[in-house]
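Close look at the chain arrangement
The chain contents come next:
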Amino acid sequence: MHVRTLLNKLEVYKSFVFCDEHFEETEGSLPSILVNIRPRKGARGQCPECGRLCATYDTQRQRRFEYKPLFEFKVFFVYTPRRVKCPFHGVKVESVPWGSGKEQMTNSYKHVLSRWAKRLSWQETARIFETSWDSVYRAVESVVSYGMQHQELDDISQIGVDEIAVFRGHKYLSMVYALDEGKRRLLWCGEGRDAKVFRKFFQDVLGQKRSHDIQYVCSNMWAAYLKVTKEEAPNALNILDRFHIMKKFNDAIEQVRRDEYKALKSQGVNNPLIGARWTMVKRPENHTEKQAATMKELLKHNLKSVKAHLMREEFQRFWSYTYSACALKFMNEWITRTLRGNIEPMKKVARMLRRHTDLIMNWFKPKKRLSSGAVEGLNLKAKLVIRKSFGFRSIKCLVVALFHTLGNLPEPNRTHRFC
Ligand SMILES: [Zn+2]
């Protein structure tokens, strides 16, 4: 069987024929398979600008396009591009269905690289295919850019926004996710976390009509996000994410524990807080046996840290209310009690709750509860991508990697039949 017989099964080009194939010896590795392609008799060339079939003008130098490897042989298409004379665009190098522009990789090869790069690190992918990291990056970027241009943005009614620190906290990315059931994915990310950045998403990506169709925006308490949501998605209910609110409690507990730990240490007394950091932050139902024992021991002491921990546990009840009026009453009582107490970080949380009461109460408004973990789940995945892309020097690479993994972007049809 000829290689071209296989290729005819995989790639159907109406105006081109695979005419023959041969080996080319390569020093130090397996020979490469070169497959010659020529235009079908009488077939005209396609203008790269408008897609019109035009008369050919002359030919250029022969070019090679790398195809998917076969067994362990590298495969190249060899073709001599023609120039076409388009009545509207003048003399141009024809477009070919297997590749684009000056890119040396065929579209098929780019998709293979990009699919592997989803499962492995880009470095690993490059090693397996005996190519460069840069080629893998270019392949992924081209697939992502196709997907971005063809992604469906209609029918999105719920979005979530959050920030992620990158480059060791020197920079931030604003991440916008679609949260609708079955459509959860990364919609957009922009560098920075100020109002201007988030506004770009509504104005440049979504457009006014779709922005006005948004029903729910799930966000953290970052003022810029709250402000832009109000202005750009006026019909949306802004819901403060449960996860972010509880995170403020955890931060407060940690602050109390740290201060108390230091104070006990300086007094030189027996310090029960040694090794209790996670016992304090974790919820009791998630405690390991050892942590449960530590907690039991800690309860015997009169510690502010323990008090803070218990205050958070008490507040958890808030989320289980069905009637918002009861929830509101509960929260106000909690706030009053806490503000009368003497644990400053917890008082800070209470003041935060009071400041954002309206937005927090929005939690109870949707008929069907929004999945509070959705934003956090997507954010965790994003952080994993960022960790895996350790060594990326530019935000641009990182953004390509994030969309590649979390964008759920459409891919072009494997067999391109555009001429
Ligand atoms: Zn044209």
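Just so we're clear, the structure is a prediction, and the values are computed from it rather than from any experiment.

The end-to-end C-alpha distance of helix 15 (residues 395-406), which contains 12 residues, comes to 16 Å, matching closely the 16 Å that a straight helix rising 1.5 Å per residue would cover. Most of helix 15 is tucked away: 10 of the 12 residues are buried. Of the positions making up helix 15, those classed as buried are Ile395, Cys397, Leu398, Val399, Val400, Ala401, Leu402, Phe403, His404 and Leu406. Once helix 15 ends, the next one or two residues include Asn408, with phi positive near 45°.

Frequently, the measure chosen for interface size is the accessible area removed from exposure when the parts meet. Here the domain parsing of the protein yields domain 1 (3-148), domain 2 (158-241 + 374-406) and domain 3 (272-364). Using C-alpha coordinates to define each centre, domain 2 is positioned 28 Å away from domain 3. Both faces combined, the contact of domain 2 with domain 3 buries some 610 Å², and carbon together with sulfur accounts for 75% of it. In this assembly, domain 2 and domain 3 are joined by 0 salt bridges. At the junction of domain 2 and domain 3, the tally comes to 1 residue pair in polar contact (both at pLDDT 80 or more). Looking at the side of domain 2 that touches domain 3 element by element, the count peaks at 4 residues for strand 13 (residues 237-240). Taken together, the residues of the side of domain 2 that touches domain 3 sort by class into 5 nonpolar, 1 polar and no charged.

Turning our attention to the nonpolar core. When a protein is soluble and globular, its nonpolar side chains tend to lie buried together. Ile245, Phe249, Phe315, Phe318, Trp334, Met346 and Leu353 are the most contacted members of the largest nonpolar core, which totals 42 residues. Listed by contribution, the elements that provide at least two residues to this core are strand 13, helix 7 (242-267), helix 9 (289-298), helix 10 (304-315), helix 11 (324-340), helix 12 (344-355) and helix 13 (357-361). The element best represented in this core is helix 7, accounting for 7 residues. In terms of domain composition, this core takes at least three residues from each of domain 2 (158-241 + 374-406) and domain 3 (272-364). Apart from the residues within four sequence positions on either side, Leu353 is in contact with Ile245, Phe249, Phe315, Met331, Trp334, Ile335 and Ile360.

Here is what the cut-offs are and how they apply
Residues numbered from 1 in each chain as written. Predicted model: local features only at pLDDT ≥ 70, side-chain atom pairs only at ≥ 80, totals over all residues. Heavy atoms only, no water. Helix = DSSP H or I, 4+ residues; strand = E, 2+ residues; numbered from the N terminus. Expected span 1.5 Å × (residues − 1). Buried < 20%, exposed > 50% of the residue type's maximum accessible area, 1.4 Å probe, protein only. Domains from an automatic or database assignment. Buried area = accessible area lost by both parts, 1.4 Å probe. Salt bridge = Lys/Arg side-chain N within 4 Å of Asp/Glu carboxyl O. Polar contact = N/O pair within 3.5 Å; in protein donor to acceptor, adjacent residues only side chain to side chain. Nonpolar A, V, L, I, M, F, W, Y, C, P; charged D, E, K, R; others polar. Core = buried A, V, L, I, M, F, W, Y, C linked by side-chain atoms within 4.5 Å. Contact = heavy atoms within 4.5 Å.

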